[in-house]
Amino acid sequence: MKKYILTNVLLIASVIVLIVCAFLAFGPRSSWKQTIADLQKQEQSLRTQGAPYEGAADEYKNYSSKYKIYSKDWDDLFRSIRTYNDNLTLILGELDTHLPNASSITKIDMTADGLTIKVSGESKEVLAHVIMSLQNLKYASLKSISDITGGTGKVSHTTRTSGEDIFATLQNELKQDRSREEHLFAELATCGAAEMNALIQKYGYQHTAAPTTGKFTQQKAAIIRMFSSNPFATKKFFEVVKYDYENNKANSLGQMIIDDDRITLEVKTKFKQIYTGEVTDTNTLLSYMFDILSVITQKDKIDTTIRIIQNSNSIPSATNTNLAQWYNYYLAKTIEGNANDTLVYLNKTACAQALINNNWDTGHTRVNEILLKYLYNPAVSGGDSENPNAPDQSTDSGKPDTSPSDDLFLSRYWTWALEKLGIAKLDLPIPEYIPIEIQIALTDWGKSGRKNELPQEVYNWFYHDYLPSKFPDNSGASTGKEGTRYYMTCKLIYREDVILQELARKGLNYTNKLEKLEGKK
Amino acid sequence: MSTIKQHWKLFLSLFLLLLGILLFCIFYLPDQISYQQKKKQLTNSVTSLQDLLTENKKYSDIRPLLADELAAIEASREDLYKQFPAGLSEEVLNTYVQQLEQLFGTEMNVSVGDLETVTTLSDGTSVNSRTLTINYKSSYADFKNMLNYLSTDSRVISVQTTDLDYDKATDIVKGTVTIVLYSLNIEKQ
């Protein structure tokens, strides 16, 4: 009976299989045919639709590639042809008009980089006037001053005269001069360690409120303020966190964060990547900073955060900044209650645009000023390598080397700050090799909004003590003494637009270059 | 035979199963593969035709202007090339220097450099230069006048380097000046 049922079931199943196979073999054919027919119809329709436009894209591509070649040729040609006659004529004309009568040009060297002139004057005051005049030239910019000599001797940088008001006239003129800020930084960069120490002793920043401990709100505000406005401190902090974990594992800030169940896994992972050194890429590190700030300033962690900041100076570091001093500075400023009153706030879009496009002209004026002066100042990347007379900074204990990647770091830092904070708080990042006490004094000044007014004491030091020290001692060569002359070499940079104007006058007008078709539309 | 009779249902079942499999293999599989291939081919064709149509439509507006633009590019290139002399022979340069000497009352000792290629453009045209090295002696005013002359000269010419000493007492400028003249060697492709 069982066998009978099984056989019948098998038979019925076989019939079903046969029917299914037969259906599959012959059933879908009509649907396939329809699908193919639809696709063929669609293909034909597209061919018909496309017929009137056929070849348009190819023709455009042909035009586009020819334009690209034309444009490159045009640029190459104008880049390869350099005419300096106008620059020379205009610069010499300006020098004739503006240089004091008591000075004279004794040598002119001209290269593709610019014009080097050797100027002589009867006295130090005359050379000071010459420097001022060169700073105000319309058709050239003063790049450097070197080889300052007096009488027959070369200047000794360690010689310092005091109390002599030889720059009184210069000082008056400087009140109208807008470029002294850069001048100050350039000169500070050439200061020796002894000069810097003297300067710090005399003019270093003095807090009006002493940093206190145990005030959580102030500590938190100071940390957030420091990391959201000071790229050097941020960079150093990444290193400090890693060092702390490697050396104080159980008591480290990293371990505290890992052990805290309230912190999300995502934030823990980010922090772990920092302290294990798994992530070293600046962009990534900066992208973590917002989350990191939220955990390191928690009430139960802030003491540890401050501990590692305060101990940061004893760790080996590639970033030469004094994190503890910066923290104390921001804490003092927070306690003094002027955390926000003088910061410069900027429009995010304009700033970001300026950063992304490198288009300083269309960006916010203040961004231009600050980025150009402080982030892209040649002094930041190690000074004037073309000036063989520039002091050797690498051997000067008062001016630690800056990392070659600092420019890149700063650029990315600001991008991060702009994106994450919405608005950028621009505490001025001053070149690292200038000691922190001076950085603080100048930072305060920079933030004060009085960008055309140097702090009087720095101003006095710079123009009464520092600059005179660049000139020879007066012994045997007093000012204006007959038969004694002073010399200096000045390098002037051409203006590119003058070169283009001259070429245009000769029929080679760069602006005659055709625009691409899209540009015209 | 008796076994077949006894188990005819089983044999019939097996036969039907085999028949079904045969039908599937002979009629379904090959046609299905062929159908899928053709469908894929047509789908790809339709997609690329759609892309092409979109692309072609995008440029259809400016298409009538392209021929003129291409002609304008060539004309612009020719206009640019016209500003340069075709060649700079040593004789031409010596004449030029003599002219400068007479114009500005200077003492010049000149050496003419070889023709150098500054850059080569995509159509094979090369931008060439020739350097005149001049030992120079004149008044400061005449030196400036010469610079002014060079800058207003229609030729593409420029002082490139100078190394001049100036004596204010005698108002004499002396030293070495190099002047570069540019030319084009046009090679039509």
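Residues numbered from 1 in each chain as written. Chains lettered and ligands numbered in written order. Predicted model: local features only at pLDDT ≥ 70, side-chain atom pairs only at ≥ 80, totals over all residues. Heavy atoms only, no water.

J.: Whenever I open this one, the overall build of chain B confuses me. Can you help?
T.: Along the backbone of chain B there are 5 helices and 4 strands. The helix and strand sequence of chain B, counted from the amino end, reads α-α-α-α-β-β-α-β-β. Taking all 189 residues of chain B together, 38% fall into the buried category. Residue pairs in contact within chain B that sit at least 24 positions apart in sequence constitute 62% of those at least 6 positions apart. Roughly 10600 Å² of accessible area belongs to chain B as shown, and the carbon and sulfur atoms make up 55% of that amount. (Helix = DSSP H or I, 4+ residues; strand = E, 2+ residues; numbered from the N terminus. Buried < 20%, exposed > 50% of the residue type's maximum accessible area, 1.4 Å probe, protein only. Contact = heavy atoms within 4.5 Å. Areas by Shrake-Rupley, 256 points an atom, 1.4 Å probe, with all protein chains shown as cover.)

J.: Before we go on, may I ask you to explain the confidence of the model for chain B in this structure?
T.: For any part of a model where pLDDT is low, the fine detail of the predicted coordinates should not be relied upon. Residue and element names in this part refer to chain B. When pLDDT is averaged along chain B, the result is 84; 98% of the residues meet or exceed 70. Of all helices and strands in chain B, the one with the weakest mean pLDDT is helix H1 (residues 2-6) (74), whereas helix H3 (residues 63-82) scores best (91). Across the assembled chains, the prediction reports ipTM 0.80 with pTM 0.48. (pLDDT = per-residue confidence, 0-100.)

J.: Any chance you could explain the environment of Val177(B) here in plain terms?
T.: On the secondary structure map, Val177(B) appears in strand E4 (residues 172-185). Linking Val177(B) and Thr162(B), residues 15 residues apart in sequence, is a C-alpha distance of 4.4 Å.

J.: What should I look at first to understand the packing of helix H9 (residues 216-227) of chain A against helix H14 (residues 302-310) of chain A in this one?
T.: Two packed helices can be described by the angle between their axes and the distance between those axes. Residues and elements named next belong to chain A. Look at H9 against H14: their axes get within 11 Å of each other, and the N-to-C directions meet at 50°. The orientation of H9 with respect to H14, classified from their angle, is oblique. Between H9 and H14 lies a crossing whose hand is left-handed. Residues Phe216, Gln219, Lys220, Ile223, Met226 and Phe227 of H9 touch H14, and the partners they reach there are Ile302, Asp303, Thr305, Ile306 and Ile309. Across the contact of H9 with H14, the residue classes break down as 7 nonpolar, 2 polar and 2 charged. (Axes fitted to C-alpha atoms, helices over the stretch in contact; angles between N-to-C directions. Parallel < 35°, antiparallel > 145°, perpendicular 65-115°, else oblique. Left-handed = near helix turned anticlockwise from the far one by under 90°. Nonpolar A, V, L, I, M, F, W, Y, C, P; charged D, E, K, R; others polar.)

J.: Looking at this model, I keep getting lost on the pairing of strand E2 (residues 126-139) of chain B. Mind explaining?
T.: For a regular strand, side chains alternate in direction, first toward one face of the sheet and then toward the other. Residue and element names in this part refer to chain B. Among the 14 residues in E2, 10 count as buried, and that is most of the element. Direction of pairing for strand E1 (residues 107-120) relative to E2: antiparallel, over a ladder of 11 bridges. Paired with Met108 across the bridge in E2 is Tyr136. Where E1 hands over to E2, the hairpin turn is made up of 5 residues, of which Gly124 adopts a positive phi near 90°. Bridge count for E2 against E4 is 14 bridges, and the pairing is antiparallel. The partner of Leu132 across the bridge, within E4, is Ile179. (Pairing = 2+ DSSP bridges.)

J.: For this particular structure, what's the right way to read the interface of chain B and chain A?
T.: Often, the extent of an interface is quoted as the loss of accessible area on bringing the components together. Of the residues lining the interface, 76 residues belong to chain B; the matching set on chain A comes to 82 residues. The contact between chain B and chain A buries some 7000 Å² in all, and 67% of this surface belongs to carbon and sulfur atoms. The interface formed by chain B and chain A includes 6 salt bridges. Of the charged contacts, one joins Lys107(A) and Asp163(B) as a salt bridge, the two residues approaching to 2.8 Å between their closest N and O atoms. Here chain B is connected to chain A by 25 residue pairs in polar contact (both at pLDDT 80 or more). (Buried area = accessible area lost by both parts, 1.4 Å probe. Salt bridge = Lys/Arg side-chain N within 4 Å of Asp/Glu carboxyl O. Polar contact = N/O pair within 3.5 Å; in protein donor to acceptor, adjacent residues only side chain to side chain.)

J.: What should I look at first to understand the pairing of strand E1 (residues 103-110) of chain A in this one?
T.: When E1(A) meets strand E2 (residues 114-121) of chain A, the two strands line up antiparallel, connected through 7 bridges. Within E2(A), the position partnered with Ser104(A) by the bridge is Ser120(A). With 4 bridges connecting them, E1(A) and strand E3 (residues 157-167) of chain B associate as antiparallel partners. Counted as the bridge partner of Met110(A) is Thr162(B) from E3(B).

J.: I'm lost on the environment of Glu107(B) in this one. Help?
T.: All names here are of chain B. Among the structural elements, Glu107 can be located in strand E1. Assessed through its relative accessible area of 52%, Glu107 is described here as exposed. Considering only alpha carbons, one finds Glu107 and Lys137, 30 residues apart in sequence, at a separation of 5.2 Å. In this structure, Glu107 is in contact with Glu101, Asn135, Tyr136 and Lys137, ignoring residues within four places of it in sequence.

J.: Looking at this structure, how should I read the state of the cysteines?
T.: Should the sulfur atoms of two cysteines be covalently bonded, the bond is a disulfide. Per the stated rule, a full pass over the model turns up 0 disulfides over all chains. For Cys25(B), which is in no disulfide, the shortest distance to another cysteine sulfur is to Cys21(A) and amounts to 8.2 Å. (Disulfide = S-S within 2.5 Å.)

J.: Would you take a moment to explain H9(A) for this structure?
T.: Helical periodicity: at 3.6 residues per turn, an α-helix aligns residues three or four positions apart in one direction. Between its first and last C-alpha atoms H9(A) spans 17 Å; for 12 residues at 1.5 Å apiece the expected length is 16 Å, and the two agree. For H9(A), the complete set of buried residues consists of Gln219(A), Ala222(A), Ile223(A), Arg225(A), Met226(A) and Phe227(A). (Expected span 1.5 Å × (residues − 1).)

J.: Help me out: how do you make sense of the nonpolar core in this one?
T.: If you look at soluble globular proteins, the nonpolar side chains tend to sit buried side by side. Judged by nonpolar contacts, the single largest core of 76 residues is most densely connected at Leu77(A), Leu95(A), Leu115(A), Ile117(A), Leu134(A), Leu492(A) and Ile179(B). Looking at this core element by element, the count peaks at 9 residues for helix H3 (residues 56-80) of chain A. Not counting the four nearest positions on each side in its chain, Ile117(A) is found in contact with Leu95(A), Ile105(A), Lys107(A), Ile108(A), Leu134(A), Met488(A), Thr489(A), Cys490(A) and Leu492(A). Core analysis: the second largest hydrophobic core is formed by 37 residues, Val241(A), Ile257(A), Val267(A) and Ile296(A) among them. (Core = buried A, V, L, I, M, F, W, Y, C linked by side-chain atoms within 4.5 Å.)

J.: Could you clarify how one ought to interpret the pattern of salt bridges in this entry?
T.: Side chains that differ in sign of charge can pair as their charged atoms come close. Residues and elements named next belong to chain A. For the structure shown, the criterion picks out 21 salt bridges over all chains. Residues Asp260 and Lys301 are paired through a salt bridge, measuring 2.6 Å at the closest nitrogen-oxygen approach. Of the two residues, Asp260 sits in the loop between helix H11 (253-259) and helix H12 (265-275) while Lys301 sits in the loop between helix H13 (282-296) and H14, which places them 41 residues apart along the sequence. The structure contains a network of salt bridges with shared partners spanning Asp260, Arg262, Asp300 and Lys301.

J.: Honestly, H12(A) in this entry has me stumped. Any pointers?
T.: For H12(A), the complete set of buried residues consists of Val267(A), Lys268(A), Lys270(A), Phe271(A), Gln273(A), Ile274(A) and Tyr275(A). The positive-phi residue at the C-terminal boundary of H12(A) is Gly277(A), with phi of around 75°.

J.: Sorry, what's going on with the packing of aromatic side chains here?
T.: For any pair of aromatic rings, geometry is given as the distance between the ring centres together with the angle between the planes. Residues and elements named next belong to chain A. Within the structure shown, the criterion is met by 15 aromatic pairs over all chains. Relative to Tyr67, the ring of Tyr63 lies with its centre 6.3 Å away and its plane at 40°, an arrangement referred to as tilted. Placement of both Tyr63 and Tyr67 in helix H3 is noted, with a separation of 4 residues, approximately one turn of the helix. The two residues Tyr63 and Tyr67 agree in class, both being buried. (Phe/Tyr/Trp six-rings, centres within 6.5 Å; stacked < 30°, edge-to-face > 60°.)

J.: Which parts of the structure should I look at to understand a nonpolar patch on the surface?
T.: A surface patch of nonpolar side chains, amounting to about 410 Å² of accessible area, comprises Leu10(A), Ile4(B), Leu10(B), Phe11(B) and Leu14(B). Tallying contributions element by element places helix H2 (residues 8-60) of chain B first for the nonpolar patch, with 3 residues. Along the polypeptide, Leu14(B) turns up in helix H2. (Patch = residues over 30% accessible without salt bridge, like charges linked within 9 Å, V, L, I, M, F, W, Y side chains within 5 Å.)

J.: How should the environment of Leu142(A) be read in this particular structure?
T.: Residue and element names in this part refer to chain A. Among the structural elements, Leu142 can be located in strand E3 (residues 141-150). Residues Leu142 and Ile131, 11 residues apart in the sequence, show an inter-C-alpha distance of 8.6 Å. The contacts of Leu142, once residues within four sequence positions are left out, are Ile131, Leu134, Gln135, Cys490, Lys491 and Leu492.

J.: Help me understand the side chain of Ser71(A) in this model?
T.: Residue and element names in this part refer to chain A. Within the secondary structure, Ser71 is located in helix H3. The exposure class of Ser71 is buried, given its relative accessible area of 14%. Among the polar contacts listed, one links the side chain of Ser71 to the side chain of Lys513, at a separation of 2.8 Å.

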